[in-house]
Amino acid sequence: MRRMRDPAWRFALKHSTIQVFICAICVLMDNRGTCYTMVNQIFKSVWESLTSSTSNMFRHAEDSYRKNSTMASLINQVLFFMLCDCWFCPEDRLTGLYCLLFYNVIGYMITYAEKLLSLHDYSPIIRVSEHSNIRHLAMTTTKVVLDLAKVVTFAITGVFLLLVFGLEQGLEHFNPTWIYIFITALYYISTEPSCQKKGSLLLSKLQLDCFESLEVLWYPVLVHVFSSLASVLMVTVVWFCTEGGWLLIFSSGYINVYLCLKDMGDHWNVLLREKSILDKYRYATKEELTEKDDICAVCLQTMKRARVTPCQHMFHGECLRICLKQQIVSVCPMCKQEL
C-alpha cells in the first residue's frame, strides 16, 4: 500500500514544484522592476551593514593602537629604520634593528643612572617608619639579582658599542654610516616617549616668550611635525629611488605619516583650546612695556611680552591664563573688572 502511494506523492510534489516555479517566473516577468528594486535594496543594506561593522572594527583597532603609546612608538621606529636601511644600507638590512636595540639600551641606561643619582640613601637597610627602630632589607634577593644583571648587561653593551663605533669591530651585517646614525638617533629621540618628557623640559628652559609657557603642549606638535615630514621624505625616496617593497611603503605611509598626523591634530586641538583663552587679549607693544615699565601683578616679575586686558592692565600670558581658568566669570586679576 505504501509503494502505491509513493509515486503519486512524488508526482504531486513535482507537479506543484513546477507550478510554483512557473508562477514565480511569471511574477518576475510581470514585476521585474519591483523585484529588481527589492533585490537592490537587500544587497545595499547587506553591504552597508558589512562596511559599517568593518569600519567600526578598524576604528576600534586604530584607537587601541594609538592609546598604547609605547607599542605605537616602537612600531613607528622599526618602520622608519627599515626605510633608512633601504636607502642607506640596502645590503645590510639588519642595521636598523641593531641600532634600535642599542638606542633602547642606551636610553634605559641613562634612565637607570638618573634613578640611581636621585637616591639619597644607598643603604639596603631601611626603617619601617620614621619613628621606628625596626629595620629590614629594602632589596630582596630577586631585586639584587636583577640589579646585578642590569649592571652586567650595561657593561657588555658598553664594551660592544666601543668595539663597533670606536674600533670598528663588530657585527657582520652592521655597518652604519655617521649620517645614518645621526638621522636614526634624531628620529629615535623625537619619537621615544621617555625622551619627549625631557624634550619639553629642555624647551621650557629656553624661556621663549612666543610659547607663553605652553611648551608642554607645543613640544608634541613640533615632534609630530618633524617625524611626519621625515617619514614622508623617506617614503618618497624609497618609493622612487629604491626597490623597497610596497608593503613597507604602505605600512610606513599609514602608520608613520597618517596616524602621526592624526595624533598631531589631537595635540594641536588641545593647544588651540588653551590658546583660545587669551585670543581676545592683544599683545602689548614695546612702547607700552617701555613707557609703563610694568611688572606682572600675578608673579611680580618683569615682562618682555605681555597681554593687555580691556581695562589696560598687562600680565604675562601664562599668568593671565591661569587666573582666567580658575574663575567662573572672567574678571581682571588686578581691578576685578569683568572681561
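Because the structure is a prediction, the values reported are computed rather than measured.

Definitions and cut-offs
Residues numbered from 1 in each chain as written. Predicted model: local features only at pLDDT ≥ 70, side-chain atom pairs only at ≥ 80, totals over all residues. Heavy atoms only, no water. Helix = DSSP H or I, 4+ residues; strand = E, 2+ residues; numbered from the N terminus. Buried < 20%, exposed > 50% of the residue type's maximum accessible area, 1.4 Å probe, protein only. Contact = heavy atoms within 4.5 Å. Areas by Shrake-Rupley, 256 points an atom, 1.4 Å probe, with all protein chains shown as cover. Expected span 1.5 Å × (residues − 1). Axes fitted to C-alpha atoms, helices over the stretch in contact; angles between N-to-C directions. Parallel < 35°, antiparallel > 145°, perpendicular 65-115°, else oblique. Left-handed = near helix turned anticlockwise from the far one by under 90°. Pairing = 2+ DSSP bridges. Core = buried A, V, L, I, M, F, W, Y, C linked by side-chain atoms within 4.5 Å. UniProt positions renumbered as here; feature names shortened; annotations may be inferred. Phe/Tyr/Trp six-rings, centres within 6.5 Å; stacked < 30°, edge-to-face > 60°. Lys NZ or Arg CZ within 6 Å of the ring centre and 35° of its normal.

**Thoughts on the overall build of the protein**
Across its full length, the protein carries 11 helices and five strands. For the protein, buried positions account for 29% of its 339 residues. Pairs at least 24 residues apart make up 59% of the contacts formed inside the protein by residues separated by at least 6 positions. Counting only carbon and sulfur atoms, one obtains 66% of the accessible surface of the protein, whose full area is about 23,700 Å².

**A look at helix α6 (residues 178–191)**
Taking 1.5 Å per residue, 14 residues should reach 20 Å; α6 reaches 20 Å between its end C-alpha atoms and fits that length. All buried positions along α6 are accounted for by Tyr-180, Ile-181, Thr-184, Tyr-187, Tyr-188, Ser-190 and Thr-191.

**Points about the packing of helix α7 (residues 193–205) against helix α8 (residues 215–241)**
At their nearest, the axes of α7 and α8 sit 9 Å apart, and the two run at 120° to each other. By the angle between their axes, α7 is oblique relative to α8. Seen from above, α7 lies across α8 with right-handed handedness. Of the residues in α8, those in contact with Cys-195, Gln-196, Gly-199, Ser-200, Leu-203 and Ser-204 of α7 are Glu-215, Val-216, Tyr-219, Leu-222 and Val-223.

**Considerations on the sheet that holds strand β4 (residues 307–308)**
Here three strands make up an open sheet; going across it, the order is β3-β4-β5 and the pairing antiparallel. Since the sheet does not close on itself, it has two edges, and those belong to β3 (282–283) and β5 (314–315), each with one partner. Here β4 pairs with β5 via two bridges, running antiparallel. From the neighbouring strand, Arg-307 faces β5, where its bridge partner is Phe-315.

**Comments concerning the nonpolar core**
In terms of nonpolar packing, the biggest core is built from 24 residues, with Phe-80, Phe-81, Leu-83 and Tyr-103 touching the most fellow members. Contributions of two or more residues to this core are made by α3 (69–88), α4 (95–117), α6, α8 and α9 (246–276). When residues of this core are assigned to their parent elements, the largest contribution, seven residues, is made by α3. Excluding anything up to four places from it in sequence, Tyr-103 contacts Phe-81, Ile-181, Thr-184, Ala-185 and Tyr-188. In terms of nonpolar packing, the next biggest core, distinct from the first, is built from 15 residues, Tyr-281, Ala-284, Leu-289 and Leu-320 among them.

**What about the packing of α3 against α8?**
Axis separation between α3 and α8 bottoms out at 10 Å; the angle between their running directions is 40°. When the axes of α3 and α8 are compared, the pair comes out oblique. Read as a crossing pair, α3 and α8 show a hand that is left-handed. Contact residues: α3 offers Phe-80, Leu-83, Cys-84, Cys-86, Trp-87 and Phe-88, while α8 offers Ala-230, Ser-231, Met-234, Val-235, Val-237, Val-238 and Cys-241.

**Some remarks on the UniProt feature "transmembrane region" (unreviewed entry) in the protein**
In the numbering used here, UniProt assigns the feature "transmembrane region" (unreviewed entry) to residues 144–165, 177–195 and 216–239. With 89% helix and 0% strand, the stretch residues 177–195 has end C-alpha atoms that lie 23 Å from each other. Helix makes up 100% of residues 216–239 and strand 0%, whereas the separation of the span's terminal C-alpha atoms amounts to 35 Å.

**Here's the deal with the packing of aromatic side chains**
What the rule picks out here adds up to seven aromatic pairs. For the ring pair Tyr-103 and Tyr-188, a centre distance of 5.6 Å and an interplane angle of 40° mean the geometry is tilted. In this pair, Tyr-103 is assigned in helix α4 and Tyr-188 in helix α6, connecting sequence segments 85 residues apart. Taking 5.4 Å as the distance between ring centres and 25° as the angle between the ring planes, the aromatic pair formed by Trp-239 and Phe-240 counts as stacked. Pair check on accessibility: Trp-239 and Phe-240 agree, each one exposed. Ring-pair connections join several aromatic residues into one group, and the members of that group are Phe-81, Tyr-103 and Tyr-188. Sitting over the ring of Tyr-283, Arg-307 keeps its end group 4.0 Å from the ring centre.

**Concerning unusual backbone geometry**
The backbone of Leu-300 sits at a positive phi, close to 60°, despite the residue not being glycine. Mapping Leu-300 onto the fold places it in the loop between α10 (286–292) and β4. Positive phi, normally seen in glycine, also occurs at Gln-312, with a value near 65°. Following the sequence through the fold, Gln-312 ends up in the loop between β4 and β5. Residue Gln-312 is classed as partly exposed on the basis of its relative accessible area of 43%.

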